Amino acid sequence: MKKLLILISGRGSNMEALLAANLPAQFVAVIANRPDAAGLDTARQAGIPAQCIDHRAFANRDAFDDALKQAIDAYAPDLVILAGFMRVLGQSFVEHFRGRLMNIHPSLLPAFPGLHTHRKAIAMGCKLAGATVHFVTPDLDCGPIVIQAAVPVLENDTEHTLSARVLVEEHRIYPQAIRWFCEDRLKLLADGTVQLLQPSQVSDSAMIVPPLGA
Ligand code: GRF
């Protein structure tokens, strides 16, 4: 059974969707970078070890990344899941977890990396918005795409109404992506894309991780 570790910064609704999804996996820990992250209590109530590593306690990004890396490694997870984790992680952290680090981003990547995705989609007159689950590479909100979902942008949408519509899809596609990972059905290809294997194609060597940048 795969061991999963979740990183959060706030309310943790994506984390809750994962915990509720009855995945064939063990959630080994939840770690937040903010002590007031509401998701920490939710995780504890679900019986999952939850801790905070406050990024403000560290002199610089590398020091925080190192402490986070050590805390994660102590649980030896198969996959680290960024679920509303609002800190940029440095190159050495990302390389350490290459092929074992997944993120959900509230836009149809490669459109609108970074913050305020819904505001930007409305301002650009987009007719579709959505969410993307992807493996993490050192470039912000980049990396091999696992699954996406699109929703319409409606005429009177505000950032609030659009984000609520997208969030429903986030809660659907993130558990799906993690389920595929748990079933060894995600194959990272050398061209930087992800192939979804059929169950009959799964073998012990399915998870082929090419060198970063290959
Ligand atoms: C989600 O929209 C996620 O895509 C983004 O931050 C938000 C976090 O929400 N990265 P939650 O903490 O999972 O409720």
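Everything here concerns the structure above.
Described in the following lines is the structure provided in the data block. Within each chain, residues carry numbers counting from 1 in the order of the written sequence. Local features in this predicted model are restricted to residues of pLDDT 70 or higher, and side-chain atom pairs are both shown and tallied only at a pLDDT of 80 or more, whereas totals for entire chains, interfaces and linings draw on every residue. The side-chain numbers reported here are obtained from all heavy atoms of the structure, hydrogens and water having been left aside.

Okay, helix α6 (residues 159-182) next. The secondary structure listing takes helices from DSSP runs of H or I that are at least 4 residues long and strands from runs of E that are at least 2 residues long, numbered from the N terminus. Every helix has an expected span of 1.5 Å times one less than the residues it contains. Here α6 is 24 residues long and its end C-alpha atoms lie 33 Å apart, about the 34 Å a rise of 1.5 Å per residue gives. Note on α6: the residue one or two positions beyond its end, Asp 184, has a positive phi of about 60 degrees.

Turning next to the packing of aromatic side chains. Centres within 6.5 Å are what make two rings of Phe, Tyr or Trp a pair, Trp counting through its six-membered ring; a difference in plane orientation under 30 degrees is then read as stacked, over 60 as edge-to-face, and the rest as tilted. The full count for this structure, using the stated rule, is two aromatic pairs. Measuring from centroid to centroid gives 5.8 Å for Phe 58 and Phe 64, while their planes differ by 65 degrees, and the two rings are edge-to-face. Note on Phe 58: relative accessible area 28%, which makes it partly exposed. With 4.8 Å between their ring centres and 50 degrees between their planes, Phe 93 and Phe 97 make a pair best called tilted. Under the scheme applied here, a residue whose accessible area is under 20% of the maximum for its type counts as buried, over 50% as exposed, and between as partly exposed, the area being computed with a 1.4 Å probe on protein chains only.

Now for the site of the ligand. Here, proximity means that at least one heavy atom of the residue falls within 4 Å of the molecule or strand. Surrounding the ligand, one finds Arg 11, Gly 12, Ser 13, Asn 14, Gly 84, Ile 104, Pro 106 and Glu 170. Polar contact is defined as a pair of N or O atoms within 3.5 Å, subject to the rule that within protein one atom must be able to donate a hydrogen and the other to accept it, and that residues adjacent in sequence are counted only when both atoms are side-chain atoms. Between the ligand and Arg 11 there is a distance of 2.4 Å, counted from an oxygen atom to a side-chain nitrogen or oxygen. Between the ligand and Glu 170, the relevant distance is 2.6 Å, taken from an oxygen atom to a side-chain nitrogen or oxygen of the residue. In isolation the ligand exposes 370 Å². Once the protein is present, 86% of that is buried. Note on residue categories: nonpolar means Ala, Val, Leu, Ile, Met, Phe, Trp, Tyr, Cys or Pro, charged means Asp, Glu, Lys or Arg, and polar means any other residue, Gly included. By residue class, the composition of the shell around the ligand is two nonpolar, four polar and two charged. To measure how exposed things are, a 1.4 Å probe is used in the Shrake-Rupley method; for residues, cover is taken only from the protein chains shown.

Note on pairing: two strands pair once DSSP finds at least 2 bridges between them. Strands sit in the order β3-β2-β1-β4-β5-β6-β7 across an open sheet of seven strands; the sheet is mixed. Strands with a single pairing partner mark the edges of an open sheet, and in this sheet they are β3 (50-52) and β7 (145-152). Strand-to-strand, the axes of this sheet are offset by a mean angle of 20 degrees, without reference to chain direction. Where strand β1 (residues 2-8) and strand β2 (residues 25-32) come together, seven bridges link them in parallel fashion. Residue pairing in the sheet places Lys 2 in a bridge with Ala 25 of β2. The strands touched by α6 are β1, β2, β4 (79-82), β5 (101-105), β6 (128-135) and β7; relative to β7, the strand with the most contacts, the crossing angle is about 155 degrees. For every element, the axis is a line fit to its C-alpha atoms; helices are fit only across the contacting stretch, and the angle between N-to-C directions ranges from 0 to 180 degrees. Contacts are residue-level and defined by heavy atoms, with any inter-residue pair within 4.5 Å sufficient.

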